[in-house]
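This is what each chain is made of:
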Amino acid sequence: MMKKRLLTGLQPSGDLHIGNYFGALKPFLDTYGEYESFLMVADYHTLTSKKDSENLKENIVNIVRSYLAVGVDPQKAVIFKQSDISEHTELAWIFDTLVTVPFLMQAHAYKDKVAKGLEANAGLFTYPMLQAADILLYDTEVVPVGEDQRQHIEYAREAATKFNNAFGETFKQPKELILKGLGVVPGVDGQKMSKSYGNTIPLFGSRDEIAKAVMSIVTDSSGDRPENVYRIHTLFKTEAELTGLYEEKKGKYKDLKEALIEDIEAQVAPMRERYESIDEVEVKKVLKEGNEKAQAIASAKMTTVRKKVGVAL
Ligand code: AMP
């Protein structure tokens with residue numbers, strides 16, 4: 001039986017933290033073998049928020065190193081870079097001409113920006129259509145997302161419907177694959193772990209960096225156990241394994257944090273070693289192979305699209 005096609009991606013916007021690992025990378029690793037999987041470096045999306053060319057370049061290399069270090073096999077998933085496949089931005093333009101301004105105004109990223117009193121650039125405003133292009137260009141059937149990200153797929157479905165209604169059946173309707181049981185990984189202050197809150201535990205940080213972050217986890221003595229430490233600990237050990245430890249070390253926050261550091265280390269140290277062993281030459285080789293596969297599909301699809309809209313002579 002033909003495998004369904006799955007596509008997902010991460011923005012190369014900085015060092016990954018354990019929230020990205022448990023919220024995005026690990027669920028991908030657990031499922032990608034069941035599908036014909038595409039893993040994209042969403043670099044043009046990053047431009048909506050950051051303008052630092054040297055930094056972007058470094059982060060692009062590092063995100064591919066991250067994919068490989070956590071165990072994605074480039075023979076089993078097509079790892080490619082969005083900006084190398086110019087059909088993404090070309091198709092996004094066509095979708096921009098099909099959807100309305102009020103529709104785009106409902107997008108979370110835009111609304112959040114405006115709610116904070118910040119200025120949104122036009123790229124941020126139209127980014128749901130670039131995302132729709134990312135998905136629809138490959139006739140993607142399945143897009144893994146967290147519960148809070150359903151809207152992304154709804155926008156892609158709307159773009160497909162609008163196009164199909166205007167120019168005839170062309171795009172498949174993608175479905176979200178809601179990743180179960182992930183929850184939100186809390187940061188050292190108990191809020192959602194996020195780079196913008198400065199509360200992260202780095203995924204590929206040194207042992208010292210991890211220890212420093214863990215030691216800064218905010219504890220309060222009101223309950224039976226330090227909840228912020230415990231919640232992060234459950235990502236690395238089962239609740240059954242933790243019960244005895246938290247009973248034995250009741251009230252001893254430093255000991256519990258030290259145990260957590262050991263448990264994080266045991267899991268991330270092998271990934272960190274792989275991460276450090278992957279150089280730019282290997283990254284470029286992986287992207288070259290992945291880009292070729294992605295390009296072949298994207299070119300064929302855009303040839304059809306150009307004919308349908310009437311620009312191909
Ligand atoms: P971001 O870097 O916030 O764009 O997130 C990249 C991916 O990591 C997305 O799929 C997020 O859902 C996931 N992610 C980021 N932070 C967390 C978190 N604290 N808990 C769970 N998943 C997260």
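Residues numbered from 1 in each chain as written. Predicted model: local features only at pLDDT ≥ 70, side-chain atom pairs only at ≥ 80, totals over all residues. Heavy atoms only, no water.

## Side note on the site of the ligand
Note the following rule: Summary of the distance rule: residues count as near a molecule or strand when at least one heavy atom falls within 4 Å of that molecule or strand. In protein, a polar contact requires one atom able to donate a hydrogen and another able to accept it; more generally it is a pair of N or O atoms within 3.5 Å, and residues adjacent in sequence count only if both atoms are side-chain atoms. Surface accessibility follows the Shrake-Rupley procedure with a 1.4 Å probe radius. Residue values consider only the protein chains on display as shielding. Runs of H or I in DSSP of at least four residues are treated as helices and runs of E of at least two as strands, each being numbered from the N terminus. Under the grouping applied here, Gly and all other residues not named as nonpolar or charged are polar, the nonpolar ones being Ala, Val, Leu, Ile, Met, Phe, Trp, Tyr, Cys and Pro and the charged ones Asp, Glu, Lys and Arg.
In the vicinity of the ligand, the contacting residues are L10, H17, G19, N20, G23, A24, Q149, G183, V184, V185, K192 and M193. G19 has a polar backbone atom sitting 3.3 Å from a nitrogen atom of the ligand. With respect to the ligand, the side chain of N20 contributes an N or O atom lying 3.1 Å from an oxygen atom. Its free accessible area being 480 Å², the ligand has 70% of it covered by the protein chains. Per-element tally for the shell around the ligand: the top contributor is helix α1 (residues 18-31), with four residues. A breakdown of the residues in the shell around the ligand according to their chemical character gives five nonpolar, six polar and one charged.

## Quick notes on the nonpolar core
Cut-off, in case you're wondering: To define a nonpolar core, start from buried Ala, Val, Leu, Ile, Met, Phe, Trp, Tyr and Cys residues and group those joined through side-chain atoms within 4.5 Å. For each residue, the accessible area found with a 1.4 Å probe, counting protein chains only, is set against the maximum for its type, and the residue is called buried under 20%, exposed over 50%, and partly exposed in between. Here a residue-residue contact requires only that any non-hydrogen atoms of the pair lie within 4.5 Å.
Formed by 53 residues in total, the largest nonpolar core has its most connected members in I18, V64, Y67, V72, I79, I201 and L203. Looking at this core, the element that brings in the most residues is helix α3 (residues 53-70), giving nine residues. V64 has contacts with V41, I79, V283, V286 and L287, leaving out every residue within four places of it along the chain. Counting residues in each nonpolar core, the second largest holds 39 residues, with F38, A42, I85 and L130 among its members.

## A short note on the packing of aromatic side chains
Rules: Each aromatic pair joins two rings of Phe, Tyr and Trp (for Trp, the six-membered one) with centres within 6.5 Å, and gets the label stacked for planes under 30 degrees apart, edge-to-face for over 60, and tilted for any other angle. In this scheme, Lys NZ or Arg CZ marks a charge over a ring once it lies within 6 Å of the ring centre and within 35 degrees of the ring normal.
Applying the stated criterion across every chain, the model contains 14 aromatic pairs. A ring pair is formed by F95 and F163, whose centres lie 6.4 Å apart and whose planes are at 85°; its orientation type is edge-to-face. Remark: F163 occurs in helix α8 (residues 150-167) and F95 occurs in helix α4 (residues 87-96); sequence separation between them is 68 residues. With respect to burial, F95 and F163 carry one shared label: buried. Measuring from centroid to centroid gives 5.0 Å for F163 and F171, while their planes differ by 80°, and the two rings are edge-to-face. Grouping residues by exposure puts F163 and F171 together as buried. Three or more aromatic residues joined by ring pairs form one cluster here, namely F95, F163, F167 and F171. When the ring centre of F103 is taken as origin, the NZ or CZ atom of K162, which lies over that ring, is 5.8 Å away.

## Side note on the packing of helix α9 (residues 207-215) against helix α12 (residues 253-277)
Threshold: Here an axis means a line fitted to C-alpha atoms, over the contact stretch when the element is a helix, while the angle between two N-to-C directions is reported on a 0 to 180 degree scale. The sense of a crossing depends on the near helix, which, turned anticlockwise from the far helix by less than a right angle, makes the crossing left-handed and, turned clockwise, makes it right-handed.
Put simply, α9 and α12 touch, their axes get as near as 9 Å, and they point 145° apart. The way α9 lies across α12 gives a crossing that is right-handed. Residues R207, I210, A211, V214 and M215 of α9 touch α12, and the partners they reach there are K254, K257, E258, L260, I261, E262, I264, E265, V268 and R272. Of the residues assigned to the contact of α9 with α12, the class counts are eight nonpolar, no polar and seven charged.

## Some details on the packing of helix α7 (residues 122-136) against α8
Under the convention used in this document: Convention used here: angles under 35 degrees read as roughly parallel, angles over 145 as roughly antiparallel, angles from 65 to 115 as roughly perpendicular, and any remaining angle as oblique.
At a minimum axis distance of 8 Å, the contact between α7 and α8 shows a crossing angle of 75°. In terms of orientation, α7 lies roughly perpendicular with respect to α8. Residues Y127, P128, M129, Q131, A132, I135 and L136 of α7 form the contact with α8, whose participating residues are H152, I153, Y155, A156, A159 and A160. Here the residues of the contact of α7 with α8 are counted per class, giving 11 nonpolar, two polar and no charged.

## Looking at the domain arrangement of the protein chain
Test applied: By convention here, the domain bounds are inherited from an automatic or database domain assignment. Defined in terms of a 1.4 Å probe, buried area is the accessible area two parts forfeit on being brought together, summed over both.
When cut into domains, the protein chain gives domain 1 (5-183 + 280-309) and domain 2 (195-275). Of note, the centres of domain 1 and domain 2, computed from C-alpha atoms alone, are 32 Å apart. Counting residues at the interface gives 17 residues for domain 1, matched by 13 residues for domain 2. Of the roughly 1,300 Å² buried at the junction of domain 1 and domain 2 (both faces included), carbon and sulfur atoms supply 65%. The three residues of domain 1 that bury the most area against domain 2 are I18, F22 and A69, which together make up 41% of that side's buried surface. Counting the contacts that link domain 1 with domain 2 gives six residue pairs in polar contact (both at pLDDT 80 or more).

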